[in-house]
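A structural walkthrough
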Protein chains: 2
Amino acid sequence: MPAKAPAPKDPVRPPLVAVVGATGAVGREALSILAERGHPADRIIALASARSAGERLPYADAAVTVAALTDDFPACDAALFCATADIARAHAPGAVAAGALVVDNSSAFRMDPAVPLVVPEINASAIADARLIANPNCSTIILLTALNPLRERFGVARIVVSTYQAVSGAGLEAVAELQAQTRAVLDGRPAEPSVFPEPCAFNVFSHESPLDPATGLNGEESKMIAESRRIWNDPGLILIPTCVRVPVLRAHTQSALVTLENPATEDDLRAALAAAPGVALLDDRAHNRFPTPLGATGGDPVLAGRIRRFSPTEFSLLIAGDQLRKGAALNAVQIMDLLT
Amino acid sequence: MPAKAPAPKDPVRPPLVAVVGATGAVGREALSILAERGHPADRIIALASARSAGERLPYADAAVTVAALTDDFPACDAALFCATADIARAHAPGAVAAGALVVDNSSAFRMDPAVPLVVPEINASAIADARLIANPNCSTIILLTALNPLRERFGVARIVVSTYQAVSGAGLEAVAELQAQTRAVLDGRPAEPSVFPEPCAFNVFSHESPLDPATGLNGEESKMIAESRRIWNDPGLILIPTCVRVPVLRAHTQSALVTLENPATEDDLRAALAAAPGVALLDDRAHNRFPTPLGATGGDPVLAGRIRRFSPTEFSLLIAGDQLRKGAALNAVQIMDLLT
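Residues numbered from 1 in each chain as written. Chains lettered and ligands numbered in written order. Predicted model: local features only at pLDDT ≥ 70, side-chain atom pairs only at ≥ 80, totals over all residues. Heavy atoms only, no water.

Looking at the nonpolar core
How we decide: Among buried residues, the Ala, Val, Leu, Ile, Met, Phe, Trp, Tyr and Cys ones that are joined through side-chain atoms within 4.5 Å form a nonpolar core. Accessible area is worked out with a 1.4 Å probe on protein chains only. A residue is then buried under 20% of its type maximum, exposed over 50%, and partly exposed in between. Secondary structure elements follow DSSP: runs of H or I no shorter than four residues count as helices, runs of E no shorter than two count as strands, and numbering proceeds from the N terminus. Boundaries of every domain are those given by an automatic assignment or by a domain database.
Among the nonpolar cores identified, the biggest contains 59 residues, and B:Phe73, B:Leu143 and B:Leu150 are the most heavily contacted of them. For this core, the leading source of residues is helix H4 (residues 138–154) of chain B, giving 8 residues. Counting residues domain by domain, this core receives three or more from each of domain 1 (17–108) and domain 2 (140–323) of chain B. Counting residues in each nonpolar core, the second largest holds 58 residues, with A:Ala134, A:Ile159, A:Leu269 and A:Ala276 among its members.

Structure, rendered in structure tokens:
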């Protein structure tokens, strides 16, 4: 496999893309998205910790071999960091120095004023000439992708949102924990929590990220507030989030109540959502069909619907998006596509 | 088993209690609660449809035998109707005529001005001399039990609530569907929805009750609004509900944002909840422990916590209550206890 070779500049050849954290939930999804797009396997560098080196990961009909991530970042055109904030802090600067455009999925650089925080449908222009771009938190991406068309047409002053978050946001171990615990419960055996502090099988619990003792906000909620204000460049945005895990494998759902700055009708909102990039409207009252996490799983668009008007400026929506795709890997690949 | 015998009036003997719909999810829970309280099996009349007649239902260490519900309601002191609205409409008047105090769990009489709609912790006095009392919808009971102490001390002007509702609200078939579908998904087999319009295993979906095409509210949401206004005798209460099913077996969770009429602190709310009947405060930021449906399952109190203040009058809470107990059978037994 290629490593250390200078990144080829031939415009006909697809970019040489490093995926850091290739064995994780988001890394595997990034590989899957690149493979779906026909990106050739020999233009992929799969990187992970030394203990995964040599592992073969499925890629289209073939496989790619994992190499160890070291301090000497391989030359490449783009690097998708799908690992922890610590790994991003340790290796992203080296990847930029090695010539890569870096898109980081972790929280490491999201609030760094020098690093743009980007959802391509919303603020692609913020990238300018940056070579390191931060991918927002999954809940933030899914919420803002759905609400941005409303913001553009009517203004958004305030959002109250309760989430129904899949376990995949906590990694592959969390997905395995939900599956194993669920089987145990069905078989009458005890469900032993390990990844999560609470049982996840047939249960619902407040998001496990640490809480700020002063505000009571957990980390996920704090990220949603700070990142949404930054992406929308709206420090006065009022966002009241309650982040909750549900026993779902990989897509997040959100129940949002939005206060617009200008009055609108339900049909105004439907029209705005139907025309929006990255969004699919699903609002079928006659058949009681609205966004669900299963419906969003594996797809690119964020589903939005169940629009109800409670006052001329107050509307509720249900939103669902694949946390591993638009909420993480897809958004990162879309950023890379803008620049390579 | 006793049937048709006149209800004994001896004050030392426990009341003779008919449970209508004894084979259903709520009926079984009513039997379980009566058994826990030491109510003797020979003071129970278990009624269900003719096809269940003769079935033996577990009761404490023994069992009770199901008799067929006919137009000739047996004499008894109290009848807990745990069946459909149609059955309640057909048989509750006959039960009252037969001398029973009737508590109906269905929606049949909830909006009838002549029938009190009661949560004992909130409006027991509304019963007056009524012999037919309606038990509210499960989501309404759980929400109002938790919020009533806040209303009493600070006033409640507005509630925004998103629910995380267990499948048990749709009956025992729904519980079986979640279990069977979940096992199928884990085994790589397709999940075929039958009771619900959407797959329920590892999924989340907007509540399956029919929608009002004009407002977009589903039946569950319309009930929450109308019943809350009636129980609190507050026709101006603003309630913005979004009712959602989650893959949980039997307790409902709610994420509520409450606007109080008077300013308060988080500690004010904690004190009010800690002192309230029927409520258990669970608000442990240090250990990230808050109400969960598993924590509420099998218990009597509604759990309330994760109190956060977003303005002097605006607070969020997580609430969880056993849908089959306080949300249905327990509330009905508590009403009966007030009167027998």
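There is more to say, and it comes next.
Some words on the packing of aromatic side chains
All names here are of chain A. Worth spelling out the cut-off: Ring pairs are drawn from Phe, Tyr and Trp, using the six-membered ring of Trp, whenever the two centres fall within 6.5 Å, and their geometry is named by plane angle: stacked under 30 degrees, edge-to-face over 60, tilted for the rest. Sitting over a ring, as applied to charges here, requires NZ of Lys or CZ of Arg to be within 6 Å of the ring centre and within 35 degrees of the ring normal.
Counted by the stated rule, this structure contains 5 aromatic pairs over all chains. With a centroid separation of 5.7 Å and 15° between ring planes, the pair formed by Phe73 and Phe81 is classed as stacked. Across this residue pair, the class does not change: Phe73 and Phe81 are buried. Over the face of the ring belonging to Phe290 we find Arg306, whose NZ or CZ atom lies 5.5 Å from the ring centre.

Overview of the sheet that holds strand S2 (residues 44–48) of chain A
In a beta sheet, neighbouring strands pair by backbone hydrogen bonds and run either parallel or antiparallel. Residues and elements named next belong to chain A. Let me state the cut-off plainly: Think of it this way: DSSP has to see at least two bridges between two strands before they count as a pair. Axis lines are fitted to C-alpha atoms, over the contacting stretch for helices. Their N-to-C directions set the angle, which ranges from 0 to 180 degrees. Contact between two residues is taken to exist if any of their heavy atoms lie within 4.5 Å; hydrogens are not considered.
A sheet is described by the order of its strands in space; here 7 strands give the open sequence S3-S4-S2-S1-S5-S6-S7, paired in mixed fashion. Of all strands in the sheet, those bounded by a partner on one side alone are strand S3 (56–59) and strand S7 (132–134). The mean angle between the axes of side-by-side strands here comes to 25°, regardless of whether they run parallel or antiparallel. Sitting on the sheet, helix H9 (residues 325–339) touches strand S1 (17–20), strand S5 (78–81), strand S6 (101–104) and S7, and the angle it makes with S6 is about 160°.

What about the relation of the copies chain A and chain B?
Which entries qualify depends on this criterion: The fit set for superposing copies consists of C-alpha atoms from residues with pLDDT of at least 70 in both; the fit itself is least squares.
Structural alignment of chain A on chain B gives an RMSD of 0.0 Å, achieved by rotating through 180° and translating 0.0 Å along the axis. Each copy turns onto its partner about a two-fold axis. In this assembly the copies share their binding face: 100% of the residues contributing to the interface of chain A also contribute to that of chain B.

A few points about the state of the cysteines
The condition is simple: Cysteine sulfur pairs qualify as disulfides if the two atoms are within 2.5 Å.
Enumeration according to the criterion identifies 0 disulfides over all chains in this entry. A:Cys138 carries a free sulfur, and the closest cysteine sulfur to it, the one in A:Cys243, is 8.8 Å from it. Judged by relative accessible area, A:Cys138 falls into the buried class, the value being 10%. Left unpaired, B:Cys76 is separated from the closest cysteine sulfur, that of B:Cys82, by 13 Å.

Points about the confidence of the model for chain A
Residue and element names in this part refer to chain A. Short version of the rule: Each residue carries a pLDDT score, the predictor's confidence in it, ranging from 0 to 100.
Per-residue pLDDT for chain A has a mean of 95; in total, 97% of the residues score no lower than 70. The low-confidence segment residues 1–8, where pLDDT is below 50, has 21 contacts with residues more than four positions distant or belonging to other chains. In the predicted assembly, ipTM is 0.94 and pTM is 0.95.

Notes on empty space enclosed by the protein
For clarity, the cut-off: Two kinds of site are reported from a 1 Å grid over the protein atoms alone, namely cavities, where a 1.4 Å probe fits but cannot get out, and pockets, open sets with protein on both sides within 12 Å along at least five of seven lines, and residues are called lining when an atom falls within 4 Å of a point. Grid points are joined across faces, edges and corners, and a volume is the space filled by probe spheres set on the points. Asp, Glu, Lys and Arg are counted as charged, while Ala, Val, Leu, Ile, Met, Phe, Trp, Tyr, Cys and Pro are counted as nonpolar; the rest, among them Gly, fall into the polar class.
Counted according to the given criterion, the structure contains 2 cavities of 30 Å³ or more. In this structure, the largest cavity spans a volume of roughly 110 Å³. Lining the largest cavity we find 17 residues, and of these A:Val160, A:Ser162, B:Val160, B:Ser162 and B:Ser255 sit closest to its centre. Broken down by secondary-structure element, the contributors of at least two residues to the lining of the largest cavity are strand S8 (156–164), strand S10 (238–242) and strand S12 (251–260) of chain A together with strand S8 (156–164), strand S10 (238–242) and strand S12 (251–260) of chain B. When its residues are assigned to classes, the lining of the largest cavity shows 9 nonpolar, 8 polar and no charged. Considering only enclosed or pocket space, the second largest cavity measures out at about 30 Å³ in volume. Classifying every residue of the lining of the second largest cavity gives 5 nonpolar, 2 polar and no charged.

Some words on the pattern of salt bridges
Heads up, the condition is: For salt bridges, the criterion is a side-chain nitrogen of Lys or Arg within 4 Å of an Asp or Glu carboxyl oxygen.
Across all of its chains, the model carries 44 salt bridges over all chains by this definition. A:Arg158 is paired through a salt bridge with B:Glu314; the nearest N and O atoms lie 2.6 Å apart. Remark: B:Glu314 occurs in strand S15 (residues 314–322) and A:Arg158 occurs in strand S8; the pair is interchain, linking two chains. Neither A:Arg158 nor B:Glu314 differs from the other in exposure class; each is buried. Linking B:Glu208 and B:Arg245 is a salt bridge whose minimum nitrogen-to-oxygen distance equals 2.7 Å. Here B:Glu208 is found in the loop between strand S9 (205–206) and helix H6 (219–231), whereas its partner B:Arg245 is found in strand S11 (residues 244–245), with 37 residues between them in sequence. You can call B:Glu208 partly exposed: its relative accessible area is 22%. Look at B:Arg245 and you get buried, because its relative accessible area is 3%.

What to know about the interface of chain A and chain B
Here is the rule we go by: Buried area is a sum: the accessible area each of two parts loses on coming together, probed at 1.4 Å, counted once for each and added.
Across the boundary between the two partners, chain A contributes 56 residues, which contact 56 residues of chain B. When the two sides are added together, the surface that chain A and chain B hide from each other amounts to roughly 4600 Å², 56% of it contributed by carbon and sulfur. Considering only the surface of chain A that becomes buried against chain B, A:Tyr164, A:Phe202 and A:Asn288 emerge as the three largest contributors, covering 14% of it. Counting across the interface, chain A meets chain B through 10 salt bridges. Two residues, A:Arg306 and B:Glu221, come together in a salt bridge whose shortest N-O distance is 2.6 Å. Classifying every residue of the side of chain A that touches chain B gives 27 nonpolar, 16 polar and 13 charged.

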